[in-house]
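# Observations on the three-dimensional arrangement
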Amino acid sequence: MAATSTPQQRTVGELGEAGILELLRDSYRGWTTAPGVIGPGDDAAVIPAPGGKFVIATDAMNEGHHFLRSWPSGVTDTGYSTGWKLAAQNLSDMSAMGAVPSAVSISLAMPKTTPVSWVAHFGRGIANACRWLGAPQTVISGGDLTRAETIATSITATANLVDQPILRTAAEDVTGYQLIHTGNVGLAAAGFAVASHPEPRHLYHAEIRALRGFLRPRPPLSQGPKVVGKVSAMMDVSDSILTDADRLAAANGLHAHIDPDWTSRKAAKFAEIAQRYEADANHWVLTGGEDYGLLAVLDPALEIPAGWDVIGYLTTEPQQRPEVTGWDHF
Ligand SMILES: Nc1ncnc2c1ncn2[C@@H]1O[C@H](COP(=O)(O)OP(=O)(O)O)[C@@H](O)[C@H]1O
Ligand SMILES: Cc1ncc(C[n+]2csc(CCOP(=O)(O)OP(=O)(O)O)c2C)c(N)n1
Ligand SMILES: [Mg+2]
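Residues numbered from 1 in each chain as written. Chains lettered and ligands numbered in written order. Predicted model: local features only at pLDDT ≥ 70, side-chain atom pairs only at ≥ 80, totals over all residues. Heavy atoms only, no water.

An unreviewed UniProt entry annotates the protein as Thiamine-monophosphate kinase originating from Enteractinococcus fodinae. Regarding the protein, the UniProt comment filed under Pathway (unreviewed entry) reads as follows: "Cofactor biosynthesis; thiamine diphosphate biosynthesis; thiamine diphosphate from thiamine phosphate: step 1/1." (UniProt positions renumbered as here; feature names shortened; annotations may be inferred.)

Below, the structure written as structure tokens:
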């Protein structure tokens, strides 16, 4: 190791692959084993799937497109928030199928100049998201480590079904069914505005809350498995209410009507921040992504599950939409 650098300045280039792996293993110590599990260290891991089938999905977060280490507003991320958010969004996809997470496999590509502390915080963020979001049974099963010009991360998550999976397409005709939602909405978009502000400024409590929602989202993980057998279709909201409600509706050959009163009620919470950032809070609620709430389709004859809001309904009538309804990478 170079004698010239302090622990804070050390980079992964000084550690080498084996050293980085050791560091990562250390940062999520205690998360790599469980009964019946063969964890990191072999060519692949072995994870129990008691139902005979399991749920699996991948989501990536790349520097410059999903996160920055240093935002224009002066807000910085040690790596912890990136790890947290990467885990959160993958666990959210599991919950949106009505499943309980079983494992996450982590891919990390980064420049040689990446601080060692970034990697340690990244690993800690993943483990802590699993713990505090209510998925402490999740095993960190391993991953992959490579070099790249900027940091590129992804997680492949697996989960076990509690019963049948909840798909985007319902088994029955859902015309006139209610659209229900649980979780945050508009909060991450407000936080994105705060983080992106071109210069540092004093942040008020509501802005710090929004920032936290953007950097470390809190998907309502327990709600997905809880509504199995109750809702007819479901997905999580990563891109925006409008984009994702339209996707859910289209998967059922329908259109999504979103209640303007619900939008205004949600937007009212962001009135002050929106004013400060010369933004439209309604727009944050409808077109902002990254809150990872759940959107589901419910038979109007059924009781609204606790913690969910009715936000609209499915209809055969096409709906008016703004030109841009949400996030699109391309
Ligand atoms: N590179 C890929 N190869 C194959 N399928 C993909 C790829 N990228 C995305 N998909 C699939 O396309 C669908 C939509 O992806 P995405 O919009 O990322 O979903 P989500 O919002 O749930 O993360 C998913 O079923 C996903 O598995
Ligand atoms: C540096 C930076 N620029 C822009 C954004 C905003 N942003 C990036 S991805 C995204 C939405 C969802 O991401 P995606 O990768 O499409 O998730 P998926 O649909 O696959 O779950 C948003 C609003 C951000 N988080 N960070
Ligand atoms: Mg995806």
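## What to know about the site of ligand 1
Around ligand 1 sit Asp59, Asp93, Arg168 and Ser238, and that is every residue in its neighbourhood. Between ligand 1 and Asp59 there is a distance of 3.2 Å, counted from an oxygen atom to a side-chain nitrogen or oxygen. Here an oxygen atom of ligand 1 and a side-chain polar atom of Ser238 are 3.3 Å apart. Contact with the protein chains covers 25% of the free accessible surface of ligand 1, which is 560 Å². Of the residues that constitute the shell around ligand 1, the class distribution is no nonpolar, 1 polar and 3 charged. (Near = heavy atom within 4 Å. Polar contact = N/O pair within 3.5 Å; in protein donor to acceptor, adjacent residues only side chain to side chain. Areas by Shrake-Rupley, 256 points an atom, 1.4 Å probe, with all protein chains shown as cover. Nonpolar A, V, L, I, M, F, W, Y, C, P; charged D, E, K, R; others polar.)

## Examining the UniProt feature "binding site: Mg(2+) 2" (unreviewed entry) in the protein
Under the UniProt annotation, the feature "binding site: Mg(2+) 2" (unreviewed entry) is placed at Asp59 and Asp93. Of the residues just listed, which span 35 residues, no C-alpha pair is farther apart than 8.9 Å, and they cluster in one region. If you trace the backbone, Asp59 turns up in strand β1 (residues 55-62). Taking the relative accessible area as the measure of exposure, Asp59 reaches 25% and is therefore partly exposed. Those residues in contact with Asp59 that lie beyond four places of it in its chain are Leu86, Gln89, Asn90, Asp93, Ser154 and Ile155. Position of Asp93 relative to the elements: it lies in helix α2 (residues 80-96). Discounting residues that sit within four places of it in the chain, Asp93 has contacts with Ala57, Asp59 and Asp236. (Helix = DSSP H or I, 4+ residues; strand = E, 2+ residues; numbered from the N terminus. Buried < 20%, exposed > 50% of the residue type's maximum accessible area, 1.4 Å probe, protein only. Contact = heavy atoms within 4.5 Å.)

## With respect to the environment of Val100
Positionally, Val100 belongs in strand β2 (residues 99-110). Its relative accessible area of 32% is what places Val100 among the partly exposed residues. Sequence separation between Val100 and Thr138 is 38 residues, and the spatial gap between their C-alpha atoms is 8.7 Å.

## Comments concerning the site of ligand 2
Neighbouring ligand 2 are 14 residues; Asp59, His66, Ser238, Glu290 and His329 lie closest to it. At 2.9 Å from an oxygen atom of ligand 2 is found a side-chain nitrogen or oxygen belonging to Ser238. When ligand 2 is considered free in solution it has 600 Å² of accessible area, and contact with the protein chains removes 86% of it.

## Re the side chain of His197
Relative to the helices and strands, His197 resides in the loop between α4 (187-196) and α5 (205-215). Assessed through its relative accessible area of 15%, His197 is described here as buried. Among residues more than four places away in sequence, those in contact with His197 are Pro72, Ser73 and Tyr277.

## Observations regarding the packing of aromatic side chains
If you walk through the whole model with that rule in mind, you get 7 aromatic pairs. A centroid spacing of 5.1 Å and a plane angle of 15° characterise the contact between Trp118 and Phe122, whose relative ring orientation is stacked. Residue Trp118 and its partner Phe122 are both found in helix α3 (residues 116-132); the two are separated by 4 residues, about one turn of the helix. Judged by relative accessible area, Phe122 falls into the buried class, the value being 1%. Members of the aromatic cluster, connected to one another through ring pairs, are Phe67, Trp118 and Phe122. In this structure, Lys85 is placed above the aromatic ring of Phe214, and the distance from its NZ or CZ to the ring centre is 4.0 Å. Just above the ring of Tyr277 sits the side chain of Arg201; from NZ or CZ to the centre is 4.8 Å. (Phe/Tyr/Trp six-rings, centres within 6.5 Å; stacked < 30°, edge-to-face > 60°. Lys NZ or Arg CZ within 6 Å of the ring centre and 35° of its normal.)

## Some thoughts on the packing of helix α1 (residues 12-27) against α3
Orientation of α1 relative to α3, taken along the N-to-C sense of each, is 20°, at an axis distance of 10 Å. Of the possible angle classes, the one that applies to α1 and α3 is roughly parallel. Crossing handedness for the pair α1 and α3: right-handed. Contacts from Val12, Leu15, Ile20, Leu23, Leu24, Asp26 and Ser27 in α1 reach Val116, Val119, Ala120, Phe122, Gly123 and Arg124 in α3. Broken down by class, the residue content of the contact of α1 with α3 amounts to 9 nonpolar, 2 polar and 2 charged. (Axes fitted to C-alpha atoms, helices over the stretch in contact; angles between N-to-C directions. Parallel < 35°, antiparallel > 145°, perpendicular 65-115°, else oblique. Left-handed = near helix turned anticlockwise from the far one by under 90°.)

## Structural notes on the UniProt feature "binding site: Mg(2+) 3" (unreviewed entry) in the protein
UniProt records the feature "binding site: Mg(2+) 3" (unreviewed entry) for Asp43, Asp93 and Asp236 in the present numbering. In summary, the annotated positions, distributed over 194 residues, remain apart in three dimensions as well, the widest C-alpha pair reaching 32.0 Å. With residues near it in sequence (within four places) discarded, Asp236 still touches Gln89, Ser92, Asp93, Ala96, Asp244, Tyr292, Gly293 and Leu294. Within the structure, Asp236 has its side chain in polar contact with the side chain of Ser92 (distance 2.6 Å).

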